[in-house]
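Summary of structural features
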Amino acid sequence: RNQQPWEFIVIHDRRILDALSKTSGGAAPLKRAKLGILTVMRGDCAAPVMAPQDLSAATQNILLEATACGLGAVWIGVYPRDERLDFVRSVIDLQADRIPFSLIAIGHPAEAAEATTMRYDPDRVTHLR
């Protein structure tokens, strides 16, 4: 349907980034980030049941592009946790039909990280031939 149920709020304001760093235990990277992006799920889309998948893909694409640009980026989950949704809304004024989905902290990494495959588990992959 190509519903594109997203909006993006790019946050440069240090005070807002510091406040959002208290969204959850995993939001601490916002304290050091040069900027943050709040992905927002629109409530007026044609197929709202698919919107979380669309926003997840959009968030992942932002992370991949940040990495391709030599930046560090961290996905900070907001949706569907009510306490996180409410907290983000207390910091950033959103329309009632706009739902905070994820926060992304973006900056220059302090050190280069080596790629790892430790998390790959071949037992979780099935090949149908």
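Our subject is the structure listed above.
Calculation notes
- Residues numbered from 1 in each chain as written.
- Predicted model: local features only at pLDDT ≥ 70, side-chain atom pairs only at ≥ 80, totals over all residues.
- Heavy atoms only, no water.
- Phe/Tyr/Trp six-rings, centres within 6.5 Å; stacked < 30°, edge-to-face > 60°.
- Buried < 20%, exposed > 50% of the residue type's maximum accessible area, 1.4 Å probe, protein only.
- Pairing = 2+ DSSP bridges.
- Helix = DSSP H or I, 4+ residues; strand = E, 2+ residues; numbered from the N terminus.
- Axes fitted to C-alpha atoms, helices over the stretch in contact; angles between N-to-C directions.
- Contact = heavy atoms within 4.5 Å.
- Salt bridge = Lys/Arg side-chain N within 4 Å of Asp/Glu carboxyl O.
- Polar contact = N/O pair within 3.5 Å; in protein donor to acceptor, adjacent residues only side chain to side chain.

As enumerated under the stated definition, the model contains two aromatic pairs in all. Ring plane angle 35 degrees and centroid distance 6.3 Å describe the contact between Trp6 and Phe8, whose orientation is recorded as tilted. Since its relative accessible area comes to 37%, Phe8 is described here as partly exposed.

So, about the sheet that holds strand 3 (residues 72-77). Spatially, the four strands line up as an open sheet ordered 1-2-4-3, and their pairing is antiparallel. The open sheet terminates on both sides in strands that have one partner only, identified here as strand 1 (6-11) and strand 3. Looking at each pair of strands side by side, their axes are set apart by 25 degrees on average, direction ignored. Seen against the sheet, helix 2 (residues 51-68) touches strand 1, strand 2 (35-42), strand 3 and strand 4 (98-107) and runs at an angle of roughly 10 degrees to strand 4. With respect to the sheet, helix 3 (residues 82-91) is in contact with strand 2, strand 3 and strand 4, its orientation differing from that of strand 4 by roughly 75 degrees.

Attention shifts here to the pattern of salt bridges. Evaluated as defined, the whole model comprises nine salt bridges. A salt bridge links Asp44 to Arg42, with the shortest nitrogen-to-oxygen separation between them at 2.6 Å. Residue Arg98 is joined to Asp97 by a salt bridge in which the shortest nitrogen-to-oxygen separation is 2.8 Å. One network of salt bridges, with partners in common, ties together Glu7, Arg42, Asp44, Asp97 and Arg98.

Looking now at the side chain of Gln3. Within the secondary structure layout, Gln3 lies in the segment before strand 1. Among the polar contacts listed, one links the side chain of Gln3 to the backbone nitrogen of Ala46, at a separation of 3.2 Å. Among the polar contacts made by the side chain of Gln3, one reaches the main-chain amide nitrogen of Ala47 at a distance of 2.8 Å. Sequence-distant contacts of Gln3, that is, excluding residues within four places in its chain, are made with Cys45, Ala46, Ala47, Pro48, Met50, Ala51 and Asp54.

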